[in-house]
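# Residue-level structural notes
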Amino acid sequence: MENSSPASNRCSYEDYEATADWLRSKTAQRPKVAIICGSGLGGLAELLHNKVVFPYKDIPLFPQTTVMGHQGQLVFGTLEGQQCVCMQGRFHTYEGYDLKQVTYPVRVFSLLGVKTLILTNASGGLNSSYKVGDIMLIKDQINLPGLVGNNPLCGPNEDRFGERFLCMSDAYDPDLIALAQQTAEEQGIEEFMQKGVYCMVSGPTYESVTEGRALRTLGADTVGMSTALEVVVARHCGLRVLGFSLITNMVVTEYDSKQRANHAEVLETTRMRTQVLEGLVTKIVAKIRREVVPLLWSSGKTSRPLSPNRTTQSDYGTHFGLRRDVVPLLWSYRKTSRPLAPNRTTQSDYGTHFGLRRDVVPLLWSYRKTSRPLAPNRTIQSD
Ligand SMILES: O=P(O)(O)O[C@H]1O[C@H](CO)[C@@H](O)[C@H]1O
């Protein structure tokens, strides 16, 4: 099969499938988490175990990266026991790619079975309280190209991925943000963690002074030339999204400033913080792995306890009303092979049974889709 990227605006469902099928045929790994690494931040992929590496040029229909600091390879492997796929290098519209090409990998990931997308980027700081080297947890975005008609979902809707009109008010997953904040505290790096709004511009020019000021007035805390389009497409496929923006330079917002933005400075700053960001993402991935069990609970359509004779994978699946592809995961995350005892009906019973940490159990409750109590007398979370 051709490995040249799909032509402008003709990324069909069959194209995405062809790429996903090819990858599936080359590796037995089935990642649940995908990570897109920003400029100079590809080192994370080196931390994966049992790596299987595909240069983009070998992957059918994959675009090629042309930007310094973007290595151009897809790395499959395990991080903290969690199967991941990591993009060492992303695509940008300023490279000449159209919106569908820039976001091509995200739909491929979705077809591969990925459920969570973590993105990193290098950005210019607009918020005057931020410093170079700060890491901003992205709580929301301004998709500036999208607001003026350059949205990757323009054109016929592909219903097999998602619906025509997509809600973006919950684009960045609040639970993953909370998990990231908690992890940053545990790592002792709160001092340079921020939480704010990322604004995507098309680039490749950095901002003029007035543009920088305008973006700040719009409510942006950082600005970059990526991420927002990938997030739109990820949400359309139903992926959960977590994003980090490393402030590599401060955007010049004073007319008499002598500072000049440049990509060398951007890459230099990423070197300074790359290890911290890698450590943070690694720990978060480990937590996402443990968090899978609560997520499975959320798919539960029943509040009945597992009966004592439920010991096999499919028993669990049936009980929780889970999709077939999720059941093996549940099984693999169980720490015990004992079935639930008949008297195990409460949240903490389930937590104990699955070997969950105490702080994860409340999450479990919050992910449940039913508001019915587990048992008639069990009505509040701590119950
Ligand atoms: O967003 P990432 O890919 O991290 O890269 C950022 O760094 C480059 C500019 O220095 C631009 O590509 C900008 O978007």
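Residues numbered from 1 in each chain as written. Predicted model: local features only at pLDDT ≥ 70, side-chain atom pairs only at ≥ 80, totals over all residues. Heavy atoms only, no water.

## A short note on the site of the ligand
Taken together, 13 residues surround the ligand, and among them Ser-39, Tyr-94, Tyr-206, Ser-226 and His-263 come closest. Within the backbone of Met-225, a nitrogen or oxygen atom sits 2.9 Å from an oxygen atom of the ligand. Look at the ligand: alone it shows 340 Å² of surface, and the protein chains cover 96% of it. Looking at the shell around the ligand, the elements with two or more residues in it are β5 (116-125) and α8 (263-298). (Near = heavy atom within 4 Å. Polar contact = N/O pair within 3.5 Å; in protein donor to acceptor, adjacent residues only side chain to side chain. Areas by Shrake-Rupley, 256 points an atom, 1.4 Å probe, with all protein chains shown as cover. Helix = DSSP H or I, 4+ residues; strand = E, 2+ residues; numbered from the N terminus.)

## Considerations on the confidence of the model for the chain
The predicted model of the chain has a mean per-residue pLDDT of 81, with 73% of residues at 70 or higher. Complex prediction metrics read pTM 0.78 and ipTM 0.99. (pLDDT = per-residue confidence, 0-100.)

## A few points about the packing of aromatic side chains
Across all of its chains, the model carries ten aromatic pairs by this definition. When the ring of Trp-22 is compared with that of Phe-54, the centres are 5.5 Å apart and the planes differ by 65°; the resulting orientation is edge-to-face. Here the residue Trp-22 occupies a position in helix α1 (residues 13-26), and Phe-54 occupies one in strand β2 (residues 49-55), the gap between them amounting to 32 residues. For the pair Tyr-56 and Phe-91, a centre-to-centre distance of 5.3 Å together with 55° between the ring planes defines the contact as tilted. (Phe/Tyr/Trp six-rings, centres within 6.5 Å; stacked < 30°, edge-to-face > 60°.)

## A word on the pattern of salt bridges
As enumerated under the stated definition, the model contains eleven salt bridges in all. Residues Arg-90 and Glu-230 are paired through a salt bridge, measuring 2.9 Å at the closest nitrogen-oxygen approach. Of the two residues, Arg-90 is situated in the loop between β4 (82-88) and α2 (99-102) and Glu-230 in helix α7 (residues 228-236); the sequence distance between them amounts to 140 residues. Each member of the pair Arg-90 and Glu-230 is classed as buried. Arg-235 serves as the salt-bridge partner of Asp-170, at 3.8 Å between the closest nitrogen and oxygen. Linking Asp-170 in the loop between α4 (144-147) and α5 (174-187) with Arg-235 in helix α7, this pair joins segments that are 65 residues apart in sequence. What makes Asp-170 partly exposed here is its relative accessible area of 36%. You can call Arg-235 buried: its relative accessible area is 18%. In this structure, a network of salt bridges that share partners links the residues Glu-14, Glu-158 and Arg-160. (Salt bridge = Lys/Arg side-chain N within 4 Å of Asp/Glu carboxyl O. Buried < 20%, exposed > 50% of the residue type's maximum accessible area, 1.4 Å probe, protein only.)

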